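# Chain and residue survey
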Amino acid sequence: DGYPPIGLAAELAGLDGVVGATAVRRGIVDLVATRDSMGTAVTSTEPGFTIPLEVIAVDPAGYRPFLDASDVAQLDRLDDDGVLLGETSARLRGIGVGASIVVGPDRRELTVRGVLSDAGIGGAEALVAVSGGALLGVESIRTAQKKFGNKPLTGEQVRWGIENLNLTEARIKELGFEGVLKPIK
């Protein structure tokens, strides 16, 4: 299931001398467009082409202790339909707070809620909150990557991951979403 194994953060947090631990999921999503805060296209890919975007997914409450005060203020703006960009990513893409990115084969639009320091985002380009909906997306991609390899996926491969998703009660509990999600097959 990848490294580190799920549940490792909780195990580490219980060790003497460890002051905090949280799970950070990292992956590549397909960026297909960016828009400024007025909705005007900044970038758009040609049909069949995408830009790989490295994203981390975190539980904001668990990630909070690892950020400095200015990054915590940005993290507090994050919601399920939002994304935080790293400083370099925002600068390279020419977008900031209020702009949006469009990702994936389903062309999901995420609003930029803030810009984190590059250190705060751990060198990734974007950060999203892990929620029930986000978890389904992450687990669908994980399912597809088990079959097609750990690389950027095509729309058809992601669709296969969605169609073949199998979230058992045990897996949901392992991910820390017991009571939030029901098993899905």
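As the structure is a prediction and not an experimental result, all values here were calculated from the model.

## Here's the deal with the pattern of salt bridges
Per the stated rule, a full pass over the model turns up eight salt bridges. Notably, a salt bridge pairs Asp76 with Arg64, separated by 2.4 Å at the nearest N-O pair. Of this pair, Asp76 sits in the loop between α3 (69–75) and β4 (82–86) while Arg64 sits in the loop between α2 (60–63) and α3, placing them twelve residues apart in sequence. Given the relative accessible area of 36%, Arg64 is considered partly exposed. A salt bridge links Arg142 to Glu139; its shortest N-O distance comes to 3.2 Å. Taken together, the residues span about one helical turn, with Arg142 and Glu139 both in helix α5 (residues 132–148) at a distance of three residues. Since its relative accessible area comes to 16%, Arg142 is described here as buried. For Glu139, a relative accessible area of 5% puts it in the buried group. Within this structure, Glu139, Arg142 and Arg171 form a network of salt bridges that share partners.

## Re the pairing of strand β3 (residues 51–58)
Examined bridge by bridge, strand β1 (residues 24–35) and β3 share eight bridges and lie antiparallel to one another. When the bridges of β3 are listed, Leu31 appears paired with Ile51. Examined bridge by bridge, β3 and strand β7 (residues 126–129) share four bridges and lie parallel to one another. Paired with Ala57 across the strands is Val128, a residue of β7.

## Quick look at the nonpolar core
Judged by nonpolar contacts, the single largest core of 15 residues is most densely connected at Leu53, Val83 and Ile101. Sorting the residues of this core by element identifies β3, β4, β5 (100–103), β6 (108–116) and β7 as the ones contributing at least two each. Per-element accounting of this core gives the leading share, three residues, to β3. Among residues more than four places away in sequence, those in contact with Val83 are Leu78, Ile101, Leu110, Thr111, Val112, Arg113, Gly114, Ala126, Leu127 and Val128. With 13 residues, the next largest nonpolar core counts Val58, Leu67, Val72 and Ala124 among its residues.

## Concerning the side chain of Thr34
Within the secondary structure layout, Thr34 lies in strand β1. A distance of 2.6 Å separates a polar atom in the side chain of Thr34 from a polar atom in the side chain of Thr43.

## Quick notes on the confidence of the model for the protein chain
With 88% of its residues at a pLDDT of 70 or more, the protein chain has an overall mean of 84. No element of the protein chain has a lower mean pLDDT than helix α1 (residues 8–13), at 69, and none a higher one than helix α4 (residues 87–93), at 97.

Basis of the calculations
Residues numbered from 1 in each chain as written. Predicted model: local features only at pLDDT ≥ 70, side-chain atom pairs only at ≥ 80, totals over all residues. Heavy atoms only, no water. Salt bridge = Lys/Arg side-chain N within 4 Å of Asp/Glu carboxyl O. Helix = DSSP H or I, 4+ residues; strand = E, 2+ residues; numbered from the N terminus. Buried < 20%, exposed > 50% of the residue type's maximum accessible area, 1.4 Å probe, protein only. Pairing = 2+ DSSP bridges. Core = buried A, V, L, I, M, F, W, Y, C linked by side-chain atoms within 4.5 Å. Contact = heavy atoms within 4.5 Å. Polar contact = N/O pair within 3.5 Å; in protein donor to acceptor, adjacent residues only side chain to side chain. pLDDT = per-residue confidence, 0-100.

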